Amino acid sequence: MTGCCRPETLEDALSILSRQGAQVLAGGTDWMVKHGQQGPHGGPVLYIAELAELRQIAVHGGEIHIGAACTLTELLESPLVPDCLKQPLAQMASPAIRNIATIGGNLCNASPAADALPMLSAMDAMLSLRSHKAEERLPAEDFLLAPGKPRLAQGQLLVEIHVPLSPKWDCVYRKVGLRRANSLSKVSFCALSDKKAGYVQDVRIAFGAVAPRVVRSREAEKRILSSGHPLTDDQIQAIAAEYGKLLKPIDDARSSRAYRREVSLRLLKWYLREGMNA
Ligand SMILES: Cc1cc2nc3c(=O)[nH]c(=O)nc-3n(C[C@H](O)[C@H](O)[C@H](O)COP(=O)(O)OP(=O)(O)OC[C@H]3O[C@@H](n4cnc5c(N)ncnc54)[C@H](O)[C@@H]3O)c2cc1C
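Reading the values: rules and limits
- Residues numbered from 1 in each chain as written.
- Predicted model: local features only at pLDDT ≥ 70, side-chain atom pairs only at ≥ 80, totals over all residues.
- Heavy atoms only, no water.
- Buried < 20%, exposed > 50% of the residue type's maximum accessible area, 1.4 Å probe, protein only.
- Helix = DSSP H or I, 4+ residues; strand = E, 2+ residues; numbered from the N terminus.
- Pairing = 2+ DSSP bridges.
- Near = heavy atom within 4 Å.
- Polar contact = N/O pair within 3.5 Å; in protein donor to acceptor, adjacent residues only side chain to side chain.
- Nonpolar A, V, L, I, M, F, W, Y, C, P; charged D, E, K, R; others polar.
- Domains from an automatic or database assignment.
- Arc of directions from axis to C-beta.
- Contact = heavy atoms within 4.5 Å.
- Disulfide = S-S within 2.5 Å.

### Let's talk about the pairing of strand 5 (residues 63-67)
Right, on to step 1. Most of strand 5 sits out of view: five of its five residues are buried.
Right, on to step 2. Residues E63, H65 and G67 line one face of strand 5 and the alternating positions I64 and I66 line the opposite face, and both faces are buried.
Right, on to step 3. Judged from the four bridges that link them, strand 4 (residues 57-60) and strand 5 form a sheet pairing that is antiparallel. Considered in strand 5, the bridge of I57 is made with I66.
Right, on to step 4. Where strand 4 folds back onto strand 5 in an antiparallel hairpin, the turn is made up of two residues, including G61, whose phi is positive at roughly 50°.
Right, on to step 5. When strand 5 meets strand 10 (residues 157-164), the two strands line up antiparallel, connected through five bridges. Each residue of the ladder has a partner; that of I64, found in strand 10, is V163.

### Remarks on the site of the ligand
Right, on to step 1. The environment of the ligand is made up of 29 residues, and the closest members are V24, T29, D30, W31 and T102.
Right, on to step 2. One nitrogen or oxygen atom from the main chain of G27 is found 2.7 Å from an oxygen atom belonging to the ligand.
Right, on to step 3. Take the shell around the ligand: its biggest share by element is four residues, from helix 6 (residues 103-108).
Right, on to step 4. When its residues are assigned to classes, the shell around the ligand shows 16 nonpolar, ten polar and three charged.
Right, on to step 5. In this structure, the shell around the ligand is formed jointly by two domains, domain 1 (4-164) and domain 2 (170-277), each of which donates at least three residues.

### Details of unusual backbone geometry
Right, on to step 1. Between S166 and the following residue, P167, the backbone shows a cis peptide bond with an omega angle of -5°.
Right, on to step 2. Across the junction of H229 and P230, the peptide omega takes the value -5°, indicating a cis bond.
Right, on to step 3. Among the secondary structure elements, P230 is positioned in the loop between helix 8 (218-226) and helix 9 (233-246).
Right, on to step 4. The phi angle at A93 is positive, at roughly 50°, despite the residue not being glycine.
Right, on to step 5. Tracing the sequence through the fold places A93 in the loop between helix 4 (83-90) and helix 5 (95-98).
Right, on to step 6. Non-glycine residue A209 carries a positive phi angle of around 70°.
Right, on to step 7. Within the element layout of this structure, A209 appears in the loop between strand 13 (199-208) and helix 8.

### Some thoughts on the sheet that holds strand 1 (residues 4-5)
Right, on to step 1. An order of 1-3-2 is seen for the three strands of this open sheet, with the pairing classed as parallel. With one partner strand each, in any of the chains shown, strand 1 and strand 2 (23-25) form the two edges of the open sheet.
Right, on to step 2. Direction of pairing for strand 1 relative to strand 3 (residues 45-47): parallel, over a ladder of two bridges. Within strand 3, the residue paired with C5 across the bridge is L46.

### Focus on helix 8
Right, on to step 1. Every buried residue of helix 8 is listed here: A220, E221 and I224. Summarising the axial view, the buried residues of helix 8 lie within an arc of 100°, below the 170-degree limit, and thus occupy one face. Of the residues in helix 8, the exposed ones pointing more than 90 degrees away from the buried face are E219, K222 and S226.
Right, on to step 2. In the core, the buried residues of helix 8 are packed alongside strand 13, helix 9 and helix 10 (257-273).
Right, on to step 3. Positive phi shows up at G228, right after helix 8, with a value of about 85°.

### Overview of the state of the cysteines
Right, on to step 1. Using the criterion set out here, one finds one disulfide in the structure.
Right, on to step 2. Between C84 and C171 runs a disulfide, and the two sulfur atoms are separated by 2.3 Å. Between C84 and C171 the disulfide shows an S-S torsion of about -100°. By sign, it is left-handed. Highlighted residues: C84 in helix 4 and C171 in strand 11 (residues 170-176), separated in sequence by 87 residues.
Right, on to step 3. On the basis of relative accessible area, C84 is assigned to the buried category, the value being 6%.
Right, on to step 4. Not part of a disulfide, C4 finds its nearest cysteine sulfur in C5, a span of 6.5 Å.
Right, on to step 5. Given the relative accessible area of 53%, C4 is considered exposed.
Right, on to step 6. Residue C108 stays outside any disulfide, its sulfur separated by 13 Å from that of C70, the closest cysteine.

Read these as spatial facts, not as claims about activity.
Here it is as structure tokens:
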């Protein structure tokens, strides 16, 4: 490791990043696993976890703005953060890890099994990226290009996550892992519905850990809404077949391709039959 920079402002951090190609370090809970105590070879380490600009949680214009260096515990304790987003965060890792792990680190590590991205994608969250010269916003859903590859250009930091506050979703989140704590997802399933007078007006479904990117299909969501309620068994089978084509699970140390596919589709069918109408 060739040194560590601890800038005091976001501007300083972005300036260092533009000049030196530093390695970004937030809570370090993914970073340490990847690099070990020696740290990475090459440029200096840029420590961003204490930058005040990245640690705010505030509501503006119908959205909650979450600083990328907020820890999972801070989000869980904030009354501003929607309960739907708290569900995956509460099941991540363990209390000790959640006290230091940041939401930005979870997204930028770009693991297909990371737990925050499926719910953020279902909620149509946007990400704010900044470099020394420019700022851009992009949908959370488009952030993961491939495993380990976030859509971050050289010199860019993820600075904020913007989550729409309406509608007030009814949400279901299921994480399937080896055990309750400190276990990465084999499969994760998020389903949001917006009901008025008992009728579902809008629905969003996202799967994590079963493809290189989050699986969400607007066509399938439209089909669910236009199929009438309750859905018949034939309709449920047809919708499950549509999602089945989008799931691209893999065999790895945590699970098998067949198990991931089977569990994902069972969760979907359960939701369409019972969960959505509860
Ligand atoms: C025991 C254990 C259990 C875990 N359990 C879970 C789990 O259940 N679910 C889950 O999803 N994850 C889990 N994780 C993974 C990890 O804790 C989370 O992904 C965490 O949110 C990462 O945040 P961090 O601040 O520690 O990131 P870091 O390790 O600091 O950084 C991760 C990566 O993101 C980059 N980065 C960080 N912040 C930014 C930013 N603002 N802009 C640009 N790049 C940035 C870093 O350069 C690095 O490449 C677990 C990890 C451990 C060690």
